[in-house]
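The chain contents come next:
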Amino acid sequence: MFPRPEHRRRSSGHRAERGGPGSTEGRRNADGQGWNSNGEQRFLPVRAGSLARSRGPDLAALPSDTRTLAGPLEKPAAALSLTMGEEGGGRSCGVPRDLKRLKQQAMAYYQENDVPRRLEELLNTTFYLQPADVYGHLANYFSKLAKPPSICRVVGKIVLDGLGFPTLQVDISCTVQNFPKYICSVVTPVHFEVLENALPDVVDAEEMERALAVSTALQWVNESFTEELWGLVPSNQEEVDHRLRVFFENKVQEDKKRKELERSQEEPVQAPQTVIPPPPPPPPSKKKGQKSGRKDSNLEKPIVPPEPPELVLPGSMAIGAVSLAVAKASASLGNIPLYLSIALLKHGQEQRPTLTMPLLMGSVLSCGKSSPGKLNLLKEVLCIPSPGLTTKQILPPKPETKKGHDGKRGQPPITGKMSHLGCLTINYDTIEQPLLLLSGICSNLGLELGVSLHVAINCAGHELMDYNKGKYEVMVGSYKSAAEMLELYLDLLNKYPYVIALMDPFRKEDSEQWDALYSAATSRCYLITGSASRSVSKVLEDRNVTPRSHGLIIKHTNQTTMMDLVEIVRLLDSKKHLAVFGSTDAEASDDSLVDLAVGLGARFIKLGGLSRGERVTKYNRLLAIEEELIQSGTWGFRGEHTFSSFQEDAEKTAEATAAAEALEPLDSMFPTGVTKE
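Engineer: Can you help me understand the overall build of the chain in this one?
Structural biologist: Each helix and strand in the chain was counted, giving 19 helices and 20 strands. Out of the 677 residues belonging to the chain, those deemed buried represent 42%. Counting contacts in the chain only where the partners sit at least 6 residues apart, residues at least 24 apart contribute 67% of the total. Split by element, the accessible area of the chain, about 38,000 Å² in all, is 53% carbon and sulfur.

This is the structure:
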């Protein structure tokens, strides 16, 4: 018996709802799209069988180890939302001409960006792998095809450093997959030294200069750097630093023009008055037993006046801060640590098999001009662990122990205040006292000076000079000339052979004494220039390190960029000099200095004492990097302290000097000087 007509219509509707052969959905299932009961277009997942229905058998007949499904998409545009119909589909005749044109544009756009082939590849691999997180797999796939992140925003903020002074923080945001995203931030310290026991007028003037430097840097960052760096990929450090350098040079020229304009607007300057030279120093007192008429062989020469300090353009700290922030953003986006990114930058993106850790210089004692005792010479006494030991095995000993230097518990505890360098300031009157104290502490801890630990001394010679007397004030009321200071250092090295480094033993103007000490002590001690040296930019400009020394303390301040640091380390390596990375007096909580020292392969890193959070943060970072390198098998062994290369250089220089002195000077046909009697 045949069903009634309404039953037939209902059955036909059921078939249409189920997507039967006679339904609209059934006609579109093979292409992955169709229309619902309301006449709206909807899309179904592309079945794997439809991908290969014209190029091969069904997937069920394929072997299980087949990685790529048979055949490409027969009609790749069928999965696109803008394809409203096809030939022979039954509805293409009703598509307006504008929609056809839009469809053609969409197909051309997707074909131009290789979307159909990528989708086919993704669907094939996803079906084969069948990951637990399907959409995570899809997201990872497309993230690899996305454009690299680019800088979209650079923001500056004023924060406080470890001493409570204002300093600059720089935030970097990048466009990641069409959306702005905050990446990282850095805090850079200012270049000013901490003034202790200074006059109120001097302190006020420095605070005003500091405030001007920070505010100008903040203005540069917030007003100019987003436009200067917009669209650059953070990994392109060379281009970033080039633009920063050009920006800084323009600011320097603007500052020169402004100063010239101010001078031109001033009233005409009167004729300069005759400058009365200062009276010559009094002749040295006649020593006992010295015969009349006999000249003193140790007659002192007048001291060389100090060189004017290098001018620092207010706001220059923004250049170094932004350069470091971009380098840190590049490492963060690449999911690698900053020290590895810096190492790749130094070696031309070549992966190094091992990385060596810098040897730690930790401050333990301070007996400088700010100490309560009479001793001024030892601004910092630093401990250096043996190269064969890790940083974790030996940290700088802390003198806050209740044992005396002879190891007996009956001695009174060591008292003193903590200096801004993070070490203990002790009231001592002689040079031997702090060294004997350190020797006793090390023996109490089971450490042998000269084997497990060595000692470095920061003399800060530029702070000891009394220009009224023309001598160095080694102790309160005790003055020594530059020649006498040379003898003092040689006696100190002979008496305490575990002292292997002297920092700033003289002013930079006393070049003769630097040369003499270099020649006499180069076989057993490093001479390292810190404040006696010029800035990184000046050293790179002259391509020479002066005064004569074995190493240079590098500080990331002002307009020093990442490429400048790479270049200065390459220069030191070519001259067989030691690179020592040091922190500034007013430190911030940022620990990027440690990554820079490790990535650039510095020989030493000077972090101050184990005190205050901003310093302990750097110590923790040093320990963390060392642990990462050990676990990854890339920890390189640091060689022992060797002075042979420096000694050979000194011997060659001494031979050349002796040969030059052996040559008799030629008589000048046209003498230009007055012969002295």
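Engineer: Explain the nonpolar core here, please?
Structural biologist: Soluble globular proteins: nonpolar side chains tend toward being buried together. Grouped together as the largest cluster of nonpolar side chains are 75 residues, with contacts concentrated most on Val 170, Phe 225, Ile 554 and Phe 581. Of all the elements, helix 9 (residues 317-333) adds the most residues to this core, at 11 residues. Residues Ile 426, Cys 442, Cys 459 and Tyr 518 belong to the second largest nonpolar core, which totals 46 residues.

Engineer: Whenever I open this one, the sheet that holds strand 4 (residues 166-176) confuses me. Can you help?
Structural biologist: Where strands meet in a sheet, backbone hydrogen bonds hold them as pairs that are either parallel or antiparallel. Taking strand neighbours across the sheet as the criterion, the three strands line up as 3-4-5 in an open arrangement whose pairing is antiparallel. On the outer flanks of this sheet lie strand 3 (150-160) and strand 5 (179-188), each paired with one strand and no other. Across the sheet, the mean angle from the axis of one strand to that of its neighbour is 20 degrees, orientation sign disregarded. In this structure, strand 4 lies alongside strand 5, joined through nine bridges in antiparallel fashion.

Engineer: Teacher, can you tell me more about the pairing of strand 11 (residues 453-458) here?
Structural biologist: Walk down a regular strand and you will see the side chains alternate between the two sheet faces. By the criterion of burial, strand 11 is predominantly enclosed, with six of the six residues buried. Residues Leu 453, Val 455 and Ile 457 of strand 11 are buried on one face, and the alternating residues His 454, Ala 456 and Asn 458, pointing to the opposite face, are buried as well. For strand 11 and strand 15 (residues 499-503), the ladder comprises four bridges, and the chain directions are parallel. Counterpart to Ile 457 in the pairing with strand 15 is Leu 502.

Engineer: I keep staring at the environment of Leu 596 and nothing clicks. Help me out?
Structural biologist: Within the fold, Leu 596 resides in helix 17 (residues 592-599). Taking C-alpha positions, Leu 596 is 8.2 Å from Phe 581, a pair spaced 15 residues apart along the chain. Those residues in contact with Leu 596 that sit more than four places away from it in its chain are Leu 324, Ile 342, Met 562, Leu 565 and Phe 581.

Criteria and thresholds
Residues numbered from 1 in each chain as written. Predicted model: local features only at pLDDT ≥ 70, side-chain atom pairs only at ≥ 80, totals over all residues. Heavy atoms only, no water. Helix = DSSP H or I, 4+ residues; strand = E, 2+ residues; numbered from the N terminus. Buried < 20%, exposed > 50% of the residue type's maximum accessible area, 1.4 Å probe, protein only. Contact = heavy atoms within 4.5 Å. Areas by Shrake-Rupley, 256 points an atom, 1.4 Å probe, with all protein chains shown as cover. Core = buried A, V, L, I, M, F, W, Y, C linked by side-chain atoms within 4.5 Å. Pairing = 2+ DSSP bridges. Axes fitted to C-alpha atoms, helices over the stretch in contact; angles between N-to-C directions.

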